[in-house]
Amino acid sequence: MNEIKLVSRTGGTNTHIQIGRLTVGLDFILIAGPCSVENEIQTLEIARAVQAAGADMLRGGAFKPRTSPYAFQGLGLKGLKILAMAREETGLPIVSEVLDTRDVAWMCDYVDVLQIGARNIQNFPLLKEAGKARKPVLLKRGMHSTLSEWLNCAEYILSEGNPNVILCERGIRTFETYTRNTLDLSAVPAIKELSHLPVIVDPAHGTGRVSLIAPMSLAAVASGADGLIIEVHGDPKMALSDSDQALTPQQFLAVSRKIRSLRLFMESLN
Ligand code: PEP
Ligand code: MN
């Protein structure tokens, strides 16, 4: 992978990204929140609940990349304003997906981390625009990306001057249909061999099943991930997107406690 100049691991130094009081790459980060921002009450209630359960950042989609054009597309600017309110109240930094090059610059006023989703991984104009932004970027793995392709996408962002990229393994498409995607946890130690960038795991999109989120969260921690991003909803059955893979706040609290215990145990091994 000689062509990946800026993203490649050259020595022992890892990239650290300061987001508020958190240092991604050094501190383990737990990101949680709804798939979509649906309304103010829903989002604020989830923000309070995930914060109480130990989340470090709030996620929530305002622009949703949906398979069907008739499915809920997100609240757009209104959704970003709701996320800004949640940040104001809780202090949690905000992660939200950007779909369009025209939205990158102004969205930076509302979010702390720009998410680029699996469906946009090789939208090169969008990657370049994110590279010009002065906000950290959460770059999901594409559902059909090899590690080399994924790292090249990160290279686009770094080569435009933005060194603050967090990679996110979110499952790849395989012949298996029981799970929504196949969560490739070998990607975590492999990326750590190949790159200095932090890498987190999304077990919600990675499995598409509530019952698999806790075990795969723990497996992700054991694999050496720098963090997790998990979907949480007050009433998952009623969620406007990804209702099969959202934890309730109570389920999230239980997972968060297990993650904390496993991390303490792993630190004791060092
Ligand atoms: C999401 O985070 O809600 C999302 C759409 O993720 P992905 O791009 O990984 O499918
Ligand atoms: Mn989702």
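Before reading further, recall that the structure is shown in the block above.
Residues numbered from 1 in each chain as written. Chains lettered and ligands numbered in written order. Predicted model: local features only at pLDDT ≥ 70, side-chain atom pairs only at ≥ 80, totals over all residues. Heavy atoms only, no water.

Draft legend 1. Here's a closer look at helix 4 (residues 124–132). Taken together, the buried positions of helix 4 are L126, L127, A130 and G131. The buried residues of helix 4 all sit within an arc of 145° when viewed along its axis, so they share a single face. As for helix 4, its buried residues are in contact with helix 3 (104–107), strand 6 (113–116), strand 7 (137–140) and helix 5 (147–159). (Buried < 20%, exposed > 50% of the residue type's maximum accessible area, 1.4 Å probe, protein only. Helix = DSSP H or I, 4+ residues; strand = E, 2+ residues; numbered from the N terminus. Arc of directions from axis to C-beta. Contact = heavy atoms within 4.5 Å.)

Draft legend 2. How the structure looks around the packing of aromatic side chains. The full count for this structure, using the stated rule, is 3 aromatic pairs. Arranged with centres 6.3 Å apart and planes meeting at 75°, the rings of F63 and W106 form a pair that is edge-to-face. Of the two residues, F63 is situated in the loop between strand 4 (57–59) and helix 2 (77–90) and W106 in helix 3; the sequence distance between them amounts to 43 residues. The class of W106 is partly exposed, set by a relative accessible area of 29%. Ring pairs connect the aromatic residues F63, W106 and Y110, which therefore count as one cluster. Above the plane of the ring of Y178 lies R209, whose end atom (NZ or CZ) is 3.6 Å from the centre. (Phe/Tyr/Trp six-rings, centres within 6.5 Å; stacked < 30°, edge-to-face > 60°. Lys NZ or Arg CZ within 6 Å of the ring centre and 35° of its normal.)

Draft legend 3. Up close: the environment of R21. Along the chain, R21 falls in the loop between strand 1 (17–19) and strand 2 (22–24). The residues touching R21, leaving out its near neighbours within four places in the chain, are D27 and D56.

Draft legend 4. Layout of the coordination of the manganese ion (ligand 2). With distances of 2.0 to 2.4 Å, the protein atoms coordinating the manganese ion (ligand 2) are C35 (SG), H205 (NE2), E231 (OE) and D242 (OD). We note that the donor set of the manganese ion (ligand 2) lies within a single chain, spaced as C-x169-H-x25-E-x10-D. Taken as a pair, H205 in helix 7 (residues 203–207) and E231 in strand 10 (residues 227–231) lie far apart in primary sequence, 26 residues in all. On the basis of relative accessible area, H205 is assigned to the buried category, the value being 8%. (Donors = N, O, S within 2.8 Å, 3.2 Å for Na, K, Ca; no water.)

Draft legend 5. Geometry of the pairing of strand 7. Of the two faces of strand 7, the one lined by V137 and L139 and the one lined by L138 and K140 are each fully buried. Where strand 6 meets strand 7, 3 bridges bridge the pair, whose relative direction is parallel. When the bridges of strand 7 are listed, L114 appears paired with V137. With helix 4 bridging strand 6 and the parallel strand 7, this β-α-β connection has right-handed handedness. In the sheet, strand 7 pairs with strand 8 (residues 165–169) via 4 bridges, with the strands oriented parallel. Residue pairing for strand 8: L139 is matched across the bridge by L167. On the question of chirality, the crossover connecting strand 7 to the parallel strand 8 by way of helix 5 is right-handed. (Pairing = 2+ DSSP bridges. Right-handed = clockwise from strand over helix to strand, strands pointing away.)

Draft legend 6. Just the site of ligand 1, in detail. Around ligand 1 lies a shell formed by C35, R59, K64, E97, Q115, G117, A118, R119, K140, R170, H205 and E231. Interatomic distance of 3.0 Å between a side-chain N/O atom of Q115 and an oxygen atom of ligand 1. One of the side-chain nitrogen or oxygen atoms of E231 is found 3.3 Å away from an oxygen atom of ligand 1. Against a free-state accessible area of 290 Å², the protein chains account for coverage of 97% of ligand 1. Of the residues contributing to the shell around ligand 1, the split by class is 2 nonpolar, 3 polar and 7 charged. (Near = heavy atom within 4 Å. Polar contact = N/O pair within 3.5 Å; in protein donor to acceptor, adjacent residues only side chain to side chain. Areas by Shrake-Rupley, 256 points an atom, 1.4 Å probe, with all protein chains shown as cover. Nonpolar A, V, L, I, M, F, W, Y, C, P; charged D, E, K, R; others polar.)

Draft legend 7. Representation of the nonpolar core in the model. Within the largest apolar cluster, 66 residues are counted, with the highest numbers of intra-cluster contacts made by V50, L139, W150, L167, L228, I230 and F252. Looking at this core, the element that brings in the most residues is helix 5, giving 7 residues. Setting aside anything within four residues of it in sequence, one finds L167 in contact with L139, W150, L151, A154, I191, L197, P198, V199 and I200. If you look at the next biggest cluster of nonpolar residues, it comprises 14 residues, including I19, L22, M57 and V95. (Core = buried A, V, L, I, M, F, W, Y, C linked by side-chain atoms within 4.5 Å.)

Draft legend 8. Expanded view of the packing of helix 1 (residues 40–52) against helix 2. Relative to each other, helix 1 and helix 2 sit at 35°, their axes nearing to 9 Å. Pair helix 1 / helix 2 crosses with right-handed handedness. Counting all contacts with helix 1, which are made through E40, T43, L44, A47, R48 and Q51, the residues of helix 2 involved are I82, L83, M85, A86, E89 and T90. Of the residues that constitute the contact of helix 1 with helix 2, the class distribution is 6 nonpolar, 3 polar and 3 charged. (Axes fitted to C-alpha atoms, helices over the stretch in contact; angles between N-to-C directions. Left-handed = near helix turned anticlockwise from the far one by under 90°.)

Draft legend 9. A look at the side chain of E97. Tracing the sequence through the fold places E97 in strand 5 (residues 94–97). Salt bridges are absent for the buried E97, whose nearest opposite-charge side chain, K64, sits at 5.0 Å. Among the polar contacts listed, one links the side chain of E97 to the backbone nitrogen of G117, at a separation of 3.5 Å. Those residues in contact with E97 that sit more than four places away from it in its chain are F63, P65, M107, Q115 and G117. (Lys, Arg positive; Asp, Glu negative; His and termini not counted. Salt bridge = Lys/Arg side-chain N within 4 Å of Asp/Glu carboxyl O.)

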